[in-house]
Amino acid sequence: MPITFLLVLHGIFSVFLLGAVTHQFLSVFWPRKPGQSDFVARARGINPGGYVQAIIILYVIEFVLGAILYPTYRVLARPPLQDLQLTYVIGLFEVKENFAAIVLAMLPSYWYFWKRYPDYKTTRAALTAILFATVWYDMIAGHLVNNARGLL
Amino acid sequence: MDKIASRAFPAFAIGFAAYYAPAYSFTGATSAFTWPLFTYFPEINEWRWGLVAGNDTIGPPMWWYGWIASAALVGLVCAIIASLLPERATEKLWASSIWIVPIAAFAFLWNWERVWFGL
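**Some points on the interface of chain A and chain B**
For an interface, size is often stated in terms of accessible area lost upon the parts coming together.
Thinking step 1. Across the contact, 36 residues belong to chain A and 37 residues belong to chain B.
Thinking step 2. Counting the surface lost from both chain A and chain B, the interface buries some 3200 Å², and carbon and sulfur atoms represent 75% of this.
Thinking step 3. Contact with chain B buries surface across chain A, with N98, I102 and Y112 of chain A losing the most and accounting together for 17% of the total.
Thinking step 4. Remark: the boundary between chain A and chain B carries 0 salt bridges.
Thinking step 5. Taken together, the connections running from chain A to chain B amount to 11 residue pairs in polar contact (both at pLDDT 80 or more).
Thinking step 6. Counting only elements with at least two residues in the side of chain A that touches chain B, the list comes to α3 (52-83), α4 (87-115) and α5 (121-148) of chain A.
Thinking step 7. Per element, the largest residue contribution to the side of chain A that touches chain B is 20 residues, and it comes from α4 of chain A.

Structure below.
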């Protein structure tokens, strides 16, 4: 039961994180132009710097929840995947865990270049793009792995 | 604080990524070098120092936590060294390598992980 609860929580927080990082990514790479007021333009027309702290907090929460759930995956989910020779499913998870760890270590810099050092726009944009790609990949991969063999 | 952070934060991430990618790629049950700081055995809920292989009695090993801990230590050492370097002279280096090195680490890892996908 606690594992189910944590897994659902992991999914809910991933939605919050995806929303925040997608807003920031869109506003950096596809900013709203003056006069645009449709739904998509409003999604792009946010202050990207205002999302930094929320993204960091949500990412850390997601990482901790994932780290707590990981042993259950290792014991309950991965052996059947190995038995069925579904190596690509295992691979999806391996990529997810590795990218997630490296991006975790980038968060202090991500905060610094957004909040303290506005001179380097390319750096800010690159860090946002890496975070965006990682968070989306991790959510999709996690979903696919859970579909193949859940933790229940 | 900001002056140190401008070098220490990127150096931490760079050191972390530069250690983590080969650590994941080259760790095996018989590795000569102990890449993870510790090994966790989820079936028996036990932590052991260094690289320990699993077996039928203690179950599968988890090295992921150990890689993160090792990579964080390497990152900290890099951060300390970087904070001693001149700020102005290395400013652009940190601003570019903070995203180039992790992307290189992703590419390195992906090249290693292709085997899972039969590529």
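Structure shown, so let's carry the discussion forward.
**Thoughts on the environment of L92 of chain A**
Residues and elements named next belong to chain A.
Thinking step 1. As for its position among the elements, L92 is in helix α4.
Thinking step 2. Classification of L92 as buried rests on a relative accessible area of 15%.
Thinking step 3. Sequence-wise, L92 and Y137 are 45 residues apart; in three dimensions their C-alpha atoms are separated by 9.1 Å.

**Looking at a nonpolar patch on the surface**
Thinking step 1. The grouping of V8, I12, V15 and F16 of chain A at the surface amounts to a nonpolar patch, some 370 Å² of accessible area in total.
Thinking step 2. Its relative accessible area of 40% is what places I12 of chain A among the partly exposed residues.

**Comments concerning the packing of aromatic side chains**
Thinking step 1. Counted under the stated rule, the structure contains 34 aromatic pairs over all chains.
Thinking step 2. Ring centres of F16 of chain B and Y20 of chain B lie 6.0 Å apart, and the angle between their planes is 5°; on these two criteria the pair is classed as stacked. Residue F16 of chain B and its partner Y20 of chain B are located together in helix α1 (residues 2-26), separated by 4 residues, close to a single helical turn.
Thinking step 3. Residue classification places Y20 of chain B among the buried positions, given a relative accessible area of 0%.
Thinking step 4. A network of ring pairs unites the aromatic residues F63, Y70, Y73 and F93 of chain A together with F38, Y40, W47, W64 and Y65 of chain B as a single cluster.
Thinking step 5. Cation over ring: R44 of chain A sits above W30 of chain A, and NZ or CZ is 3.9 Å from the ring centre.
Thinking step 6. The aromatic ring of W114 of chain A is capped on one face by R124 of chain A, whose charged end is 4.7 Å from the ring centroid.

**Let's talk about unusual backbone geometry**
Thinking step 1. Residue Q85 of chain A is not a glycine yet carries a positive backbone phi of 60°.
Thinking step 2. Inspection of the secondary structure assignment puts Q85 of chain A in the loop between α3 and α4.
Thinking step 3. Residue Q85 of chain A is classed as exposed on the basis of its relative accessible area of 66%.
Thinking step 4. Residues other than glycine seldom take positive phi values, yet N45 of chain B does so here, at roughly 55°.
Thinking step 5. For N45 of chain B, the location among the structural elements is in the loop between β1 (38-41) and β2 (46-49).
Thinking step 6. With relative accessibility at 52%, the residue N45 of chain B sits in the exposed group.

**A look at the packing of α1 of chain B against helix α3 (residues 87-113) of chain B**
All names here are of chain B.
Thinking step 1. Where α1 contacts α3, the axes come no closer than 9 Å and their chain directions differ by 20°. Considered as vectors, α1 and α3 are oriented roughly parallel to each other. As for the relative orientation of α1 and α3, their crossing is left-handed in sense.
Thinking step 2. Residue composition of the contact of α1 with α3, by class: 18 nonpolar, 4 polar and 4 charged.

**Side note on the side chain of T22 of chain A**
All names here are of chain A.
Thinking step 1. Its location among the elements puts T22 in helix α1 (residues 2-29).
Thinking step 2. Within the structure, T22 has its side chain in polar contact with the side chain of W136 (distance 2.9 Å).
Thinking step 3. Leaving out residues up to four positions away in the same chain, T22 has contacts with F132 and W136.

Cut-offs and rules
Residues numbered from 1 in each chain as written. Chains lettered and ligands numbered in written order. Predicted model: local features only at pLDDT ≥ 70, side-chain atom pairs only at ≥ 80, totals over all residues. Heavy atoms only, no water. Contact = heavy atoms within 4.5 Å. Buried area = accessible area lost by both parts, 1.4 Å probe. Salt bridge = Lys/Arg side-chain N within 4 Å of Asp/Glu carboxyl O. Polar contact = N/O pair within 3.5 Å; in protein donor to acceptor, adjacent residues only side chain to side chain. Helix = DSSP H or I, 4+ residues; strand = E, 2+ residues; numbered from the N terminus. Buried < 20%, exposed > 50% of the residue type's maximum accessible area, 1.4 Å probe, protein only. Patch = residues over 30% accessible without salt bridge, like charges linked within 9 Å, V, L, I, M, F, W, Y side chains within 5 Å. Areas by Shrake-Rupley, 256 points an atom, 1.4 Å probe, with all protein chains shown as cover. Phe/Tyr/Trp six-rings, centres within 6.5 Å; stacked < 30°, edge-to-face > 60°. Lys NZ or Arg CZ within 6 Å of the ring centre and 35° of its normal. Axes fitted to C-alpha atoms, helices over the stretch in contact; angles between N-to-C directions. Parallel < 35°, antiparallel > 145°, perpendicular 65-115°, else oblique. Left-handed = near helix turned anticlockwise from the far one by under 90°. Nonpolar A, V, L, I, M, F, W, Y, C, P; charged D, E, K, R; others polar.

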